[in-house]
Amino acid sequence: MSLFNKSVSMFIDKVPPSTVAVFAKRYIAGPNLEDAVRVTKQLNAQGAMTTIDVLGEFVSNKEETEHFRDLAIKVLEAIDSHQLDANLSLKLTQMGLKLSKALCLDNIEKIFKRAKELGIFVRIDMEDSTCTDDTLEIYRNYRDEFNIGTVLQAYMRRTINDIEKLSDGRLNFRLCKGIYIEPRKIAYQEKDIVRDNYTYCLETLFKKKAYVGIATHDEYLVFHAERLIREYGLKRNEYEYQMLLGVDEELREIILSRGHRLRVYVPFGRDWLPYSIRRLKENPNLIKSALEGYLR
Ligand SMILES: Cc1cc2nc3c(=O)[nH]c(=O)nc-3n(C[C@H](O)[C@H](O)[C@H](O)COP(=O)(O)OP(=O)(O)OC[C@H]3O[C@@H](n4cnc5c(N)ncnc54)[C@H](O)[C@@H]3O)c2cc1C
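Residues numbered from 1 in each chain as written. Predicted model: local features only at pLDDT ≥ 70, side-chain atom pairs only at ≥ 80, totals over all residues. Heavy atoms only, no water.

Where an unreviewed UniProt entry is consulted, the protein appears under the name proline dehydrogenase, with the organism given as Hippea maritima. Listed in UniProt under the heading Pathway (unreviewed entry), the comment for the protein reads: "Amino-acid degradation; L-proline degradation into L-glutamate; L-glutamate from L-proline: step 1/2." The record in UniProt for the protein states the following under Catalytic activity (unreviewed entry): "L-proline + a quinone = (S)-1-pyrroline-5-carboxylate + a quinol + H(+)". (UniProt positions renumbered as here; feature names shortened; annotations may be inferred.)

This is the structure in structure tokens:
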């Protein structure tokens with residue numbers, strides 16, 4: 001990592017929100033549900049599907065979790081009424097996982113039930129390693145009754161074992177590298193090992209006939225995924241690629257033009273700051289090119 005990138009990663013938390021907003025705009029549909037609907041319609045018209053995410057990770061009481069639960073239900077209803085090619089992504093901490101597991105379960109059951117009535121799929125995002133056990137357990141407990149999936153992170157040493165443990169039922173996973181900072185004891189730190197583990201986990205999932213959302217902007221992994229899709233003779237509707245809104249639109253077009261299905265992660269909401277900081281830490285070059293343009 002260059003000195004510039006290191007500095008951005010270290011100091012971005014201290015930058016005023018109004019400045020972060022300038023760089024973060026591209027990653028977020030906007031503050032309101034209507035923004036997510038508008039962006040989804042545009043992406044659908046370009047041949048991409050979406051998954052809509054309500055931003056907001058830090059809840060401190062029951063009422064806040066219920067506010068986000070109701071908003072998630074409104075997303076489902078908007079997907080239905082606007083006939084969008086979209087589904088819902090959901091964070092368990094937003095539903096109260098860290099406040100009370102019973103509260104979290106109560107909230108997600110209401111969302112899962114409404115999603116089932118409307119025939120819409122729900123994906124449970126994976127958060128940091130303090131949430132992994134609960135997330136996988138909840139997925140296991142609800143996967144037979146509802147049309148849901150969750151996420152596996154290739155940087156986690158445990159992921160290959162988790163695939164084995166969950167193999168006694170329906171498997172529907174988004175596979176990503178993982179975004180949270182985790183200690184070496186539980187997560188691979190070397191980029192090449194994370195990549196190797198990604199393809200190892202993806203091939204293991206294909207062998208087990210899992211439905212996988214191949215979530216990456218790393219063209220090396222996009223290539224190996226395509227190789228595996230061919231080797232395993234998968235049909236177009238047996239997997240999908242996934243990318244984040246605002247990231248490498250050229251690669252998005254390339255994947256679509258090769259005949260694959262692709263879903264874009266579309267976050268919206270007023271609590272955009274933590275999500276944006278994660279994205280900018282991941283790609284400080286974005287700030288660099290904006291500054292270069294400004295100084296030119
Ligand atoms: C649809 C989707 C859902 C996700 N859900 C989760 C989740 O539930 N839990 C979780 O831990 N992580 C999640 N992630 C994030 C993921 O774990 C990675 O942190 C992220 O995708 C970057 O890894 P990469 O595979 O794209 O490879 P990288 O090597 O990080 O990126 C490859 C290239 O993509 C471009 N790029 C990557 N990130 C950015 C960016 N922010 N801005 C601009 N360009 C960028 C750069 O050109 C970079 O060189 C998700 C990612 C996607 C695509």
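S.K.: Looking at this structure, I do not really get the UniProt feature "binding site: FAD" (unreviewed entry) in the protein. What am I missing?
M.R.: Mapped onto this numbering, the UniProt entry gives "binding site: FAD" (unreviewed entry) at Met126, Gln153, Lys191, Thr216 and His217. Assessed through its relative accessible area of 6%, threonine 216 is described here as buried. Excluding residues that lie within four positions of it along the chain, threonine 216 makes contacts with Tyr198, Leu221, Val222, Gln242 and Met243. Histidine 217 has contacts with Met243, Leu244, Val247, Asp248 and Leu251, leaving out every residue within four places of it along the chain. (Buried < 20%, exposed > 50% of the residue type's maximum accessible area, 1.4 Å probe, protein only. Contact = heavy atoms within 4.5 Å.)

S.K.: Quick question: what am I supposed to make of a negative patch on the surface here?
M.R.: Taken together, the side chains of Glu219, Asp248, Glu250 and Glu253 present a region of like negative charge at the surface. Of note, aspartate 248 is situated in the loop between β7 (239-244) and α10 (249-257). (Patch = residues over 30% accessible without salt bridge, like charges linked within 9 Å, V, L, I, M, F, W, Y side chains within 5 Å. Areas by Shrake-Rupley, 256 points an atom, 1.4 Å probe, with all protein chains shown as cover. Salt bridge = Lys/Arg side-chain N within 4 Å of Asp/Glu carboxyl O. Lys, Arg positive; Asp, Glu negative; His and termini not counted. Charge placed at Lys NZ, Arg CZ, Asp CG, Glu CD. Helix = DSSP H or I, 4+ residues; strand = E, 2+ residues; numbered from the N terminus.)

S.K.: When you look at the pairing of strand β6 (residues 211-215) in this model, what are you seeing that I'm missing?
M.R.: Along a regular strand, successive side chains alternate from one face of the sheet to the other. Burial analysis of β6 places 5 of its 5 residues in the buried class, the great majority of the element. Residues Tyr211, Gly213 and Ala215 point to one face of β6 and Val212 and Ile214 to the other, with burial holding for every one of them. Alignment of strand β5 (residues 172-176) against β6, held across 4 bridges, turns out to be parallel. If you follow arginine 174 over to β6, its bridge partner there is glycine 213. Since β5 and β6 lie parallel, the crossover through helix α8 (residues 191-207) that links them has a hand, and here it is right-handed. Inspection of the sheet shows β6 paired to β7 by 4 bridges, in the parallel sense. When the bridges of β7 are listed, glycine 213 appears paired with glutamate 240. (Pairing = 2+ DSSP bridges. Right-handed = clockwise from strand over helix to strand, strands pointing away.)

S.K.: Which parts of the structure should I look at to understand the packing of aromatic side chains?
M.R.: For the structure on display, the rule yields 6 aromatic pairs. With 6.4 Å between their ring centres and 85° between their planes, tyrosine 239 and tyrosine 241 make a pair best called edge-to-face. For tyrosine 239, a relative accessible area of 4% translates into the label buried. Site record: aromatic cluster; members linked through ring pairs are Phe112, Tyr142 and Phe146. (Phe/Tyr/Trp six-rings, centres within 6.5 Å; stacked < 30°, edge-to-face > 60°.)

S.K.: Which parts of the structure should I look at to understand the UniProt feature "binding site: substrate" (unreviewed entry) in the protein?
M.R.: The feature "binding site: substrate" (unreviewed entry), as annotated in UniProt, sits at Lys91, Arg278 and Arg279 in this numbering. Take lysine 91: it is sitting in the loop between β2 (86-90) and α5 (101-118). Side-chain polar atoms of lysine 91 contact the side chain of aspartate 125, separated by 2.8 Å. Tracing the backbone shows arginine 278 in helix α11 (residues 273-282). The exposure class assigned to arginine 278 is buried, which follows from its relative accessible area of 15%. With near-sequence residues (within four places) excluded, arginine 278 lies in contact with Glu57, Lys91, Ile179 and Tyr180. (Polar contact = N/O pair within 3.5 Å; in protein donor to acceptor, adjacent residues only side chain to side chain.)

S.K.: Looking at this structure, I do not really get the pattern of salt bridges. What am I missing?
M.R.: Once their charged atoms are close, side chains differing in charge can pair, the charge on each being opposite to the other. Under the counting rule described, the total for this entry stands at 22 salt bridges. Residue glutamate 137 is joined to lysine 101 by a salt bridge in which the shortest nitrogen-to-oxygen separation is 3.1 Å. Taken together, the positions of glutamate 137 in helix α6 (residues 132-142) and lysine 101 in helix α5 put the pair 36 residues apart, joining distant regions of the chain. A salt bridge links aspartate 162 to arginine 158, with the nearest nitrogen and oxygen atoms 2.7 Å apart. The exposure class assigned to aspartate 162 is buried, which follows from its relative accessible area of 5%. On the basis of relative accessibility, which here comes to 25%, the residue arginine 158 falls in the partly exposed class. Three or more residues joined by partner-sharing salt bridges are found here, namely Glu77, Arg114 and Glu117.

S.K.: Looking at this model, I keep getting lost on the side chain of threonine 204. Mind explaining?
M.R.: Secondary-structure assignment places threonine 204 in helix α8. According to the relative accessible area criterion, threonine 204 is buried, its value standing at 12%. Within the local environment of threonine 204, its side chain forms a polar contact with the backbone oxygen of tyrosine 200, the two atoms lying 2.7 Å apart. Setting aside chain neighbours within four positions, we find threonine 204 in contact with Ile160, Ile163 and Glu164.

S.K.: Got a minute to help me understand α8 in this structure?
M.R.: Every α-helix carries 3.6 residues per turn, so stepping three or four residues along brings you back to the same face. Along its 17 residues, α8 runs 24 Å from first to last C-alpha, staying within 8% of the 24 Å computed at 1.5 Å per residue. Listing the buried residues of α8 in full gives Val194, Arg195, Asn197, Tyr198, Thr199, Cys201, Leu202, Thr204, Leu205 and Phe206. Looking at the buried residues of α8, the elements they touch are β4 (148-153), α7 (159-165), β5, β6 and α9 (219-231). Phi turns positive, to about 60°, at lysine 209, one or two residues after α8. (Expected span 1.5 Å × (residues − 1).)

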